[in-house]
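# Results of the structural survey
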Amino acid sequence: MHHVTVRTGTDGLAMVPLTISNSGKDGLSCNADFAHWYSAGIATVEPGKSARIELWFDAATGTFTILNDKRENLPVERLWCGLSGRAYATRVQVTLDRTDAERGTRAVSCGMEQDSLLCR
């Protein structure tokens, strides 16, 4: 077995809060994929409400991370939201890029348009 050192804390990272607003009539379930075998729910957003998620950005690697309860850095491969109760079937990706880190924030609004969920 190969030992893996897990980065902890926020030294050298910049906070880039993500705000997800629900402009639709149904609840949202938002999730992060941390590895091709591991994902976790990061927020539930009721209609007309918003959720704030603390993302951290490493400019040296271009990686966004979320801290777990042990303050370990979980590199984010993908963020997505879907309608509660059928999130995976209705999922739409929430994009992140370096310009979000440069601005120091990212905000998206999710809602139904022509029978599809859109987050922009």
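Residues numbered from 1 in each chain as written. Predicted model: local features only at pLDDT ≥ 70, side-chain atom pairs only at ≥ 80, totals over all residues. Heavy atoms only, no water.

## A closer look at the side chain of Asn 22
The following threshold applies: The helix count covers DSSP runs of H or I at least four residues long, the strand count covers runs of E at least two residues long, and both are numbered beginning at the N terminus. Whenever two N or O atoms come within 3.5 Å, that pair is a polar contact, provided that in protein one can donate a hydrogen and the other can accept it, and provided that, for residues adjacent in sequence, both atoms are side-chain atoms. In this description, contact between two residues means that some pair of their heavy atoms is separated by no more than 4.5 Å.
If you trace the backbone, Asn 22 turns up in strand 2 (residues 18-22). At a separation of 2.8 Å, a polar atom in the side chain of Asn 22 contacts the main-chain carbonyl oxygen of Asp 26. The residues contacting Asn 22, other than those within four sequence positions of it, are Gly 27, Leu 28, Val 45, Glu 46, Pro 47, Gly 48, Lys 49 and Cys 110.

## Digging into empty space enclosed by the protein
This is how the line gets drawn: Cavities and pockets were defined on a 1 Å grid built from protein atoms only: a cavity is a group of points that admits a 1.4 Å probe but offers it no way out, a pocket is an open group of points flanked by protein on both sides within 12 Å along at least five of seven lines, and a lining residue is one with an atom within 4 Å of any such point. Grid points are joined across faces, edges and corners, and a volume is the space filled by probe spheres set on the points.
Taken as a whole, this structure holds one cavity of 30 Å³ or more when the rule is applied. Within this model, the largest cavity holds a volume of roughly 30 Å³. In terms of lining residues, the largest cavity is bounded by Asn 22, Gly 24, Lys 25, Asp 26, Leu 28, Leu 83, Cys 110, Gly 111, Met 112 and Leu 117. For the lining of the largest cavity, the leading source of residues is strand 11 (residues 106-113), giving three residues.

## Description of the state of the cysteines
We apply this condition: Here, the term disulfide refers to a pair of cysteine sulfur atoms separated by no more than 2.5 Å. Three exposure classes are used, based on accessible area relative to the maximum for each residue type with a 1.4 Å probe and protein chains only: buried under 20%, partly exposed in between, and exposed over 50%.
Taken as a whole and assessed by the stated rule, the structure comprises two disulfides. Between the sulfur atoms of Cys 30 and its disulfide mate Cys 81 the distance is 2.1 Å. Because the torsion about its S-S bond is 110 degrees, the bridge between Cys 30 and Cys 81 counts as right-handed. With Cys 30 in strand 3 (residues 28-35) and Cys 81 in strand 9 (residues 78-83), the pair connects residues that are 51 residues apart, well separated along the chain. In this structure Cys 30 comes out as buried when scored by relative accessible area, which is 1%. Take Cys 81: its relative accessible area is 1%, and that puts it in the buried class. Each disulfide pairs two cysteine sulfurs, and for Cys 110 the partner residue is Cys 119, the sulfurs being separated by 2.0 Å. Looking along the S-S bond of the Cys 110-Cys 119 disulfide, the torsion reads about 115 degrees, which is the right-handed sense. Sequence-ordered numbering of the bonded cysteines in the protein chain gives a disulfide pattern of 1-2, 3-4.

## As for the pairing of strand 7 (residues 63-67)
Stated precisely, the cut-off is as follows: Note on pairing: two strands pair once DSSP finds at least 2 bridges between them.
Counted residue by residue, strand 7 has four buried out of five residues, so it is predominantly covered. Relative to strand 7, strand 6 (residues 56-58) runs antiparallel, the two being bridged by three bridges. Across the sheet, residue Asp 58 finds its bridge partner in strand 7, namely Thr 63. What sits between the antiparallel neighbours strand 6 and strand 7 is a turn of four residues, in which Gly 62 has the positive phi angle 75 degrees. For strand 7 and strand 8 (residues 73-75), the ladder comprises three bridges, and the chain directions are antiparallel. Opposite Leu 67, over in strand 8, you have Asn 73 as the bridge partner.

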